[in-house]
Amino acid sequence: MATPPAPQTVEYPLGCVGCGYDLDGLSTDAPCPECGLPIGRSVSGDHLFASEPAHIRRLHRGARHAMLGAVAGWVSVACMSGLLLVPYIGAWPTLAASVGLAATAFLTGIGWQALTRDDPEGIGLDRRGVGIALLRSWAVACTFVAAPSLAAVSLATLAVLAPSPGGQASSLPWIVAASGLGMVLLAMSVQRPLSALAEGLANRLLEGELAASARALDPASSVALVFILVASVLVVLNAPWWLRYPGFGAAALSALVWGVLYHAVIRGLHRALGLEAQRLRTT
């Protein structure tokens with residue numbers, strides 16, 4: 001009788017893609033002694049194409065929602081720019097801006113809730129869990145706190161506009177602008193774990209350039225936060241206009257750079273995950 005071939009063993013240092021345990025000398029047919037993940041999964045590499053199809057489709061839907069949230073954010077920025085830069089433009093752009101902000105919060109929240117869902121095999125997440133927990137809390141807050149609050153602002157704006165469509169409530173644009181700034185600052189506060197997660201997803205999709213762009217999200221947000229802080233201090237100190245205006249300009253420009261980079265990263269993730277989901281449909 002022919003004897004079955006002996007199982008292959010890992011003959012080089014190899015960290016488990018689930019927990020990092022060194023698998024050197026273990027059989028590829030065995031589970032990881034630390035986390036129980038099949039060692040063959042680590043041998044094949046930490047790539048999303050080896051993950052469960054349902055998980056890849058869920059990530060693709062999350063990236064789509066997050067990308068639509070970014071688009072809604074740009075619409076809100078355009079409306080708020082008109083409100084703050086053009087005198088007596090009317091209050092209807094306020095309604096468009098507040099509706100756009102509510103849509104931004106809701107779509108971004110449900111998008112990143114999907115993108116932070118546990119991998120069925122426990123791969124690709126922060127092993128300490130701190131970054132993922134912070135991101136999930138931020139996404140839940142966007143969906144269930146920020147979005148309803150901004151929707152209420154939209155209803156209040158509509159109530160003001162209904163009696164006098166041509167009128168303008170002077171405080172409403174500033175309330176909406178402050179809400180938008182608050183959302184930006186909240187998003188920037190979670191950029192470190194968000195950048196790490198986006199970079200990890202890009203690496204697992206074999207997208208090197210996208211991973212580099214995701215890695216740049218964290219320093220871009222840090223620079224923007226510094227400029228926003230400087231501009232705020234100048235206002236509090238009632239600095240002369242020739243200091244305040246450049247401060248606001250630098251803050252706006254740095255926030256714009258961060259926004260463009262974030263949009264490019266989430267759009268790249270949506271594209272790459274879409275290609276992977278399409279491959280699954282055709283196989």
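Note that this is a predicted model, so its numbers are computed, not measured.

Mind showing me how you'd approach the nonpolar core here?
The nonpolar side chains of a soluble globular protein tend to be buried with one another. Among the nonpolar cores identified, the biggest contains 40 residues, and Trp112, Trp138, Tyr262, Val265, Ile266 and Leu269 are the most heavily contacted of them. When residues of this core are traced back to their parent elements, those giving at least two are α2 (53-85), α3 (92-115), α4 (130-161), α5 (171-189), α6 (191-204), α7 (208-215), α8 (217-236) and α9 (241-282). Looking at which element gives the most residues to this core, the answer is α9, with 10 residues. With residues up to four places along the chain from it excluded, the contact list for Val265 reads Ala198, Leu210, Ser213, Ala214 and Leu217. One finds Leu101, Ala102, Ala105 and Ala147 within the second-largest nonpolar core, a separate group that totals 13 residues.

Quick question: what am I supposed to make of the packing of aromatic side chains here?
The description of an aromatic ring pair rests on the distance of the ring centres and on the angle between the ring planes. Within this structure, the stated rule accounts for 2 aromatic pairs. Ring geometry for Trp258 versus Tyr262: centroids 6.1 Å apart, planes at 25°, classification stacked. Of this pair, Trp258 and Tyr262 both sit in helix α9, separated by 4 residues, roughly a single helical turn. In this structure Tyr262 comes out as buried when scored by relative accessible area, which is 11%.

Would you explain the packing of α8 against α9 in this entry?
Helix-helix packing is described using two parameters, namely the angle between the two axes and the distance between the axes. At a closest axis distance of 8 Å, the pairing of α8 and α9 adopts a crossing angle of 155°. Looking at the two axes, α8 sits roughly antiparallel to α9. Crossing angle aside, the handedness with which α8 passes α9 is left-handed. Contacts between α8 and α9 involve Leu217, Ala220, Ser221, Val223, Ala224, Phe227, Ile228, Ala231, Leu234 and Val235 from the former and Leu243, Arg244, Gly247, Phe248, Ala250, Ala251, Ser254, Ala255, Trp258, Leu261, Tyr262 and Val265 from the latter. When grouped by side-chain class, the residues that make up the contact of α8 with α9 number 18 nonpolar, 3 polar and 1 charged.

Parameters and conventions
- Residues numbered from 1 in each chain as written.
- Predicted model: local features only at pLDDT ≥ 70, side-chain atom pairs only at ≥ 80, totals over all residues.
- Heavy atoms only, no water.
- Core = buried A, V, L, I, M, F, W, Y, C linked by side-chain atoms within 4.5 Å.
- Buried < 20%, exposed > 50% of the residue type's maximum accessible area, 1.4 Å probe, protein only.
- Helix = DSSP H or I, 4+ residues; strand = E, 2+ residues; numbered from the N terminus.
- Contact = heavy atoms within 4.5 Å.
- Phe/Tyr/Trp six-rings, centres within 6.5 Å; stacked < 30°, edge-to-face > 60°.
- Axes fitted to C-alpha atoms, helices over the stretch in contact; angles between N-to-C directions.
- Parallel < 35°, antiparallel > 145°, perpendicular 65-115°, else oblique.
- Left-handed = near helix turned anticlockwise from the far one by under 90°.
- Nonpolar A, V, L, I, M, F, W, Y, C, P; charged D, E, K, R; others polar.

Without other data, these values stay purely geometric and don't point to any function.
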